[in-house]
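Spelled out, the chains give:
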Amino acid sequence: MQNDPFASLRIKKFQYFVLGRLFFITGLRMMSTIVAWWLYEVTRDPLAIGLVGLAEVIPAVGLALYAGHVIDTRERTSILKVSLGLYAFTFLLIFTLTTHLVQHHLEQKQWILILYGLIFITGGIRAFSGSSFVSILAQIVPYERLTNAITINSGVFLISAITGHAAGGLLIALLGVEGASLISFIFVLTAALIVSRLEKLPISNPAVRAGTLESVKEGLRFVYKTKDLLAAMTLDLFAVLFGGAVAMVPAFAKDILNVGPSAFGWLNAASDIGSMITIVALTLRPLARNQGKILMYAVAGFGAAIIVFGLSKSYLLSFVALFFSGMLDGISTIIRGTIAQLKTPNELKGRVMSVNSMFISSSNEMGQFESGVAGKLLGLVPSVVFGGSMTLIVVIMTWWKAPKLKKLEY
């Protein structure tokens, strides 16, 4: 069974879990692609894309630690079901905002502000949904199959992201923003219905006596004391913060590469395609040793690929650069995810994964905001080259300052 690359998929609950996540992430990435293209097409301002990240990250980070406490002291599948239901409702409202009827009655500034407000709401929901997804995994899959489940789960995430990004651009070309956003809503609604079939799980920490504040501190203390976990989270935080060039893909597609929505969709999916190939390879042949060093090499390569993307004037070269950035990011995703799952006891998973989401998931949105501001101030190309260069500097500093991560093996 240890050599079975699909061992965890033989568990019925895990099948519902990954199928629900497949539809959810596909719909989510469709909508992010649609919103980014739509906003830049209307405003021609990279800061407009950056503000999407800021609108989402504020509630996501603000609620993350409290969400971790709730997830560790309540029944997790119920939290996930409610979260996906709220996502579906919010996406329905975004679809309504794209309709000709609403557009006819609202000025441009009005619907843009409403759109940012709805994205702000999804950030609050994500504080609960993201950590719920990760925390549930260890409860529905036996420990001996957990590494396999993490790898498959990462692969499903990337397949969904590729599909969502590519389909988002294609649907814009075929159906317009209105039709594309309707399809996105349908996917998220389907995910909510699939996840509703998951049975309730035992509460991980039913006898907790500490108040919310002390419970949150317990999760923070665990991360701080687990130095290799802390170093891996910090490395990703700064690498993604400065290397968030993917957020500017709509601007590069329109203004530098001069391509339409379909080509934009594939360019937006390029990094995820690269990540998926890496995930498949590591599922069939997991990393056996030197995972810490490999993590640092991968993040450094990611930064170099971002620099190439920033300098490229060719669609093919830009696609290849993002593809390789995704392959390298896939390596670091697997290593970081495995460290977090294997090092964290189940009763702390909600809180630790919420801290993890503050470092990793939210760094994507902060990176998007940073890229938008830098693009506004420096211009598109200099801002991306600057970000990739800063990623390389972060890796060098981590190599010197975090020897335990460099030596990590599992």
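The shown structure was predicted, so the numbers you read here are calculated from the model rather than taken from an experiment. (Residues numbered from 1 in each chain as written. Predicted model: local features only at pLDDT ≥ 70, side-chain atom pairs only at ≥ 80, totals over all residues. Heavy atoms only, no water.)

Draft legend 1. Structural view of a nonpolar patch on the surface. A contiguous nonpolar surface patch, about 270 Å² in accessible area, is contributed by Ile58, Phe120 and Ile121. Along the chain, Ile58 falls in helix H2 (residues 46–73). By relative accessible area, which is 46% here, Ile58 ends up partly exposed. (Patch = residues over 30% accessible without salt bridge, like charges linked within 9 Å, V, L, I, M, F, W, Y side chains within 5 Å. Areas by Shrake-Rupley, 256 points an atom, 1.4 Å probe, with all protein chains shown as cover. Salt bridge = Lys/Arg side-chain N within 4 Å of Asp/Glu carboxyl O. Helix = DSSP H or I, 4+ residues; strand = E, 2+ residues; numbered from the N terminus. Buried < 20%, exposed > 50% of the residue type's maximum accessible area, 1.4 Å probe, protein only.)

Draft legend 2. Structural detail: helix H10 (residues 261–284). For H10, built from 24 residues, the straight-helix expectation of 34 Å at 1.5 Å per residue is met to within 8% by its first-to-last C-alpha distance of 35 Å. When the local axis directions of H10 are compared, the greatest deviation, roughly 40°, occurs at Ala270. (Expected span 1.5 Å × (residues − 1). Bend = angle between axes of the 7 residues up to and from the residue.)

Draft legend 3. View of the pattern of salt bridges. Tallied over the full model, the rule gives 5 salt bridges. Where Arg29 meets Asp272, a salt bridge forms, and the shortest distance between an N and an O atom there is 3.7 Å. One end of the pair, Arg29, is in helix H1 (residues 12–43); the other, Asp272, is in helix H10, with 243 residues separating them in the sequence. Look at Asp272 and you get buried, because its relative accessible area is 8%. Here Asp45 and Lys376 are joined by a salt bridge, their closest N and O atoms 3.3 Å apart. With Asp45 in the loop between H1 and H2 and Lys376 in helix H14 (residues 361–378), this pair connects stretches of sequence that are 331 residues apart.

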